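So you can see what is in the structure, the chains are spelled out below.
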Amino acid sequence: MPEIRQSKFTYRDLERLAKYSVDTPLRVIAHIDLDAFYAQCETVRLGIDENEPLAVQQWENLIAINYPARALGLTTRHVSAVEAQKLVPSLRLVHVATWKCGSTHWSYPEPGTQDISNSKACLDPYRIASKKILNIFRRNCERVEKSSVDESFLDLSKMVGERVRKRFNEVVGIAPPYGDVGERLPLPSVLPEELEWSGSTVVEISGDEKGVGEGEGLEKEKKEGEDEEDKEEKRETDEEVERKKLNKEKKEEYTEDSPLDWDDVCLAIAAEIVADIRKQVRTELKYTCSAGVARNKMLAKLASGYKKPNNQTVVRARAINLFLSGIKFTKIRNLGGKLGTQISETFTTTHIPTLLTIPLSTLSTKLPPDTALWLYNTLRGVDRSEVNPRTLIKSMLSAKSFRPSLKSPRDALGWLKVFVADISGRMREEGCLQPGGRRPKIMSLGWRGGRTCWGTGGKSKGCTLPMAGELGDQMLLGLAEGLLRGIEDWPCGNLSLTLGGFEETESGKGIMGFLVRGGVAKVGRDEGDEGGGKRRKVDEGGGKGRKVEGMNEDGIRGFFVAAEDGDETDDRDWIKESGHDLDENIENASNSDFEVDHLDDTLTHSRPPPKFTTPSDLNSSFAPPPPSKSIPKPRFFTLTQLPKPSSPLHLPTTPSNPESQAEAEATLNHPCSKCHTLIPINELSEHEDWHFAKELVEEERRTARAAAAPPPATQSNNHGKEKRKGNGGGGGGARGVEKGQRKLVFGK
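Now for a look at the structure at hand.

1. As for the sheet that holds strand β8 (residues 144-148)
And step 1. What the six strands build is an open sheet, ordered β8-β9-β2-β12-β13-β11; its pairing is mixed. Looking at which strands have only one partner, the edges of the open sheet turn out to be β8 and β11 (201-203). Here the strands of the sheet are splayed against their neighbours by 20° on average, with no regard to which way each runs.
And step 2. Sheet analysis places strand β12 (residues 289-294) next to strand β13 (residues 312-315), joined by three bridges and oriented parallel. Bridge assignment links Val-293 to a residue of β13, and that residue is Val-314.
And step 3. Running over the sheet, helix α5 (residues 124-140) touches β2 (29-34), β8 and β9 (151-155) and is turned about 155° from β8.
And step 4. In the packing of helix α10 (residues 262-285) onto the sheet, contacts are made with β2, β9, β12 and β13, and the angle to β12 comes to roughly 165°.

Shown next, in the form of structure tokens:
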């Protein structure tokens with residue numbers, strides 16, 4: 001009986017594909033990158049021939065160049081639009097969309113009419129196109145990670161595992177020997193020539209037509225910007241020797257005649273899936289993209305840039321070291337910044353074959369141990385990072401730099417409208433404005449400049465956002481204008497608006513599901529929390545009472561009371577005002593210290609909250625002022641009481657007329673939910689703390705009175721105490737028999 005040749009992979013390795021495990025060597029990751037994405041978007045939008053040279057400009061700079069323009073010699077974006085036009089006379093220049101100051105909608109400017117002083121660049125068209133492409137990816141793959149606006153990672157492990165079991169069921173469908181999943185699989189029943197790669201460029205051990213085995217590296221476009229120093233490094237004799245030595249060792253270990261294994265089969269199936277996804281993008285949206293397929297994210301990203309445009313590359317496991325030998329390690333993710341510079345300066349090289357000769361112990365002496373171990377594995381093609389299918393948004397920012405600087409708040413009002421419209425549109429795209437969507441907690445207005453105009457320090461002011469009700473443009477604009485009034489340093493050279501602290505919200509019932517209505521609400525308001533969890537009676541009209549149980553088990557419901565009849569409130573507009581609870585780590589454009597300023601800290605108030613030093617000061621001698629007759633008694637802060645956006649014709653500055661000053665202050669006051677007194681909004685938190693402290697003192701007194709009262713006779717533990725206090729075993733003594741007790745007869 002002929003011996004069955006075994007694979008180097010086990011049944012367990014195959015099973016782990018279904019769990020997206022990073023530990024299985026059969027894992028398959030794809031990286032898909034759109035080709036010159038911004039340029040393609042404009043080509044499709046304008047409906048022009050994709051072979052026409054085109055570049056996208058933002059003001060006088062280029063931000064994207066399509067491949068026909070690169071073929072004509074425009075190979076770098078580091079030239080001005082005028083210089084690019086001279087270099088390629090047939091070049092079509094398209095400016096990005098812009099927001100005009102004071103507008104709430106973006107548009108494309110007419111050629112030559114863009115004005116940087118009165119407009120802000122808008123990238124919304126590219127985000128919208130990116131979302132459509134991402135929908136196609138997610139339609140075909142369960143686990144997709146959006147890396148940037150034009151790049152995504154796809155974990156194809158589960159899909160590939162299912163197709164392997166379906167196509168090779170006669171081999172992998174049988175139970176493993178002895179029921180041990182650690183046993184090795186049989187080799188796949190397929191010949192090398194029968195394995196289809198779906199038109200992919202496959203990196204082989206002997207090097208492909210591009211000469212990977214000789215260290216040519218990535219695609220041509222990535223070499224065109226090399227300077228003379230880079231070319232000199234390529235001529236270094238020692239590194240050439242190391243590279244050839246490594247290639248020779250790998251060729252001795254692997255040959256193209258070596259039998260196929262399950263990793264090759266998995267990669268071929270993944271190449272088939274990726275080719276189909278790319279075809280769908282091309283057919284439905286008319287965009288071309290390049291892709292890389294490998295066993296981890298790092299290799300897949302390098303492979304996607306190997307042959308551009310409109311191609312895909314597969315890096316077989318047996319060719320990993322050879323593939324990396326022709327690449328500078330600074331091209332690897334996370335090694336292109338300061339860490340990469342530090343490593344290249346420490347070891348005086350940027351080539352991987354030279355670094356492969358350095359042992360881990362030596363790396364650990366030059367780098368932190370964790371970094372050294374990560375680098376050691378990365379240079380050998382090891383990457384255990386997962387594909388994260390859900391990248392949560394932490395903050396949204398809209399900013400603008402001004403040359404010349406803004407001179408007054410009047411000049412900034414129009415830009416606040418643009419910032420709010422920009423961020424609102426992005427929140428709408430991300431589903432943040434839908435029920436159950438992620439909702440921001442904080443608004444921050446940052447500015448830079450001031451009297452020195454472009455100083456090194458920036459500042460910001462922030463406020464909390466309501467956690468209920470609609471986050472409409474008018475409400476956001478009103479809060480932003482309130483923050484604007486706190487800016488005292490003018491002129492201003494940079495302005496930014498940030499919404500941060502995004503959190504999941506309760507879907508379905510919303511905050512209304514936590515509110516108490518009707519008689520239950522009156523019990524909670526009028527009787528307080530006396531009696532703990534005892535049953536309470538509610539008088540309803542005809543004098544009948546109904547029992548309400550478990551009032552202290554309702555959680556947050558016990559803290560909410562519905563408005564009485566006649567109160568001018570809307571349940572949908574109730575929000576929670578949380579004072580100065582502000583995240584100091586919010587991301588903003590100024591990267592400076594975060595100043596907490598609740599709307600306007602320059603106003604004075606005629607009725608500050610009471611001051612006290614001891615609990616006795618909280619006695620009933622203090623009575624809150626009666627509610628204002630002109631203001632209803634809402635229990636919560638409603639959206640109608642939020643600061644309203646100012647008209648461009650009326651500046652949010654301090655009026656010179658004292659009566660106007662009083663009216664301006666009144667707009668920033670709102671009634672306390674406890675005593676209905678009009679309290680300035682920036683002192684509301686302190687006022688509510690006073691109420692809270694007073695309630696605590698009253699609660700302690702109630703507890704003390706309850707402890708001093710005689711214990712109820714029905715409690716068994718107290719009954720036992722009474723027996724011990726009596727003069728005899730009969731219990732009761734002179735007090736007689738209490739309710740619920742009876743005399744025991746002894747001696748019979």
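2. A look at the pairing of β2
And step 1. Of all six residues that make up β2, six are buried, and the element is covered over most of its length.
And step 2. Burial along β2 is two-sided: the face carrying Ile-29, His-31 and Asp-33 and the face carrying Ala-30, Ile-32 and Leu-34 are both buried.
And step 3. Pairing geometry for β2 and β9, over five bridges, is antiparallel. Note on β9: the bridge partner recorded for Ile-29 is Asp-155.
And step 4. Strand direction decides the pairing type here: β2 and β12, joined by six bridges, are antiparallel. Residue pairing in the sheet places Asp-33 in a bridge with Ser-290 of β12.

3. Section: the sheet that holds strand β3 (residues 54-58)
And step 1. The strand order across the open sheet built from three strands is β4-β3-β5, with neighbouring strands paired in mixed fashion. Unpaired on one side and paired on the other, β4 (61-65) and β5 (92-95) mark the two borders of the sheet. For this sheet the average axis-to-axis angle between neighbouring strands, irrespective of direction, equals 35°.
And step 2. Relative to β5, β3 runs parallel, the two being bridged by four bridges. Note that in β5 the partner of Leu-54 across the bridge is Arg-92.
And step 3. Packed on one face of the sheet, helix α2 (residues 37-46) meets β3, β4 and β5 and runs near 110° to β3.

4. Topic: the packing of helix α6 (residues 157-167) against α10
And step 1. Packing of α6 against α10 leaves a shortest axis separation of 10 Å and a crossing angle of 110°. Put simply, α6 runs roughly perpendicular to α10. Remark: the crossing between α6 and α10 carries right-handed chirality. Across from Met-159, Val-160, Arg-163, Val-164 and Arg-167 in α6, the residues of α10 making contact are Trp-262, Val-265, Cys-266, Ile-269, Ala-270, Glu-272 and Ile-273.
And step 2. Here the residues of the contact of α6 with α10 sort into nine nonpolar, no polar and three charged.

5. Focus: the packing of α2 against α5
And step 1. Two numbers describe how α2 lies on α5: the axes approach to 10 Å, and their chain directions differ by 95°. Classified by the angle between their axes, α2 and α5 sit roughly perpendicular to one another. Every residue of α5 that contacts α2 at Phe-37, Tyr-38, Cys-41 and Glu-42 is listed here: Tyr-126, Ala-129, Ser-130 and Ile-133.
And step 2. Residues that form the contact of α2 with α5 fall into these classes: six nonpolar, one polar and one charged.

6. Section: α6
And step 1. Along α6, the positions that sit buried rather than exposed are Ser-157, Met-159, Val-160, Gly-161 and Val-164.
And step 2. Looking at the packing, one finds that the buried side of α6 touches α1 (11-15), α5, β9, α7 (169-172) and α10.

7. Quick notes on the environment of Thr-76
And step 1. With respect to the secondary-structure elements, Thr-76 resides in the loop between α3 (67-71) and α4 (81-87).
And step 2. Overall, Thr-76 belongs to the partly exposed group, its relative accessible area being 31%.
And step 3. For the pair formed by Thr-76 and Ala-64, sequence separation is 12 residues and the distance between their alpha carbons is 9.2 Å.
And step 4. In this structure the side chain of Thr-76 is engaged in a polar contact, spanning 3.1 Å, whose partner is the backbone nitrogen of His-78.

Quick notes on the rules
- Residues numbered from 1 in each chain as written.
- Predicted model: local features only at pLDDT ≥ 70, side-chain atom pairs only at ≥ 80, totals over all residues.
- Heavy atoms only, no water.
- Pairing = 2+ DSSP bridges.
- Helix = DSSP H or I, 4+ residues; strand = E, 2+ residues; numbered from the N terminus.
- Axes fitted to C-alpha atoms, helices over the stretch in contact; angles between N-to-C directions.
- Contact = heavy atoms within 4.5 Å.
- Buried < 20%, exposed > 50% of the residue type's maximum accessible area, 1.4 Å probe, protein only.
- Parallel < 35°, antiparallel > 145°, perpendicular 65-115°, else oblique.
- Left-handed = near helix turned anticlockwise from the far one by under 90°.
- Nonpolar A, V, L, I, M, F, W, Y, C, P; charged D, E, K, R; others polar.
- Polar contact = N/O pair within 3.5 Å; in protein donor to acceptor, adjacent residues only side chain to side chain.

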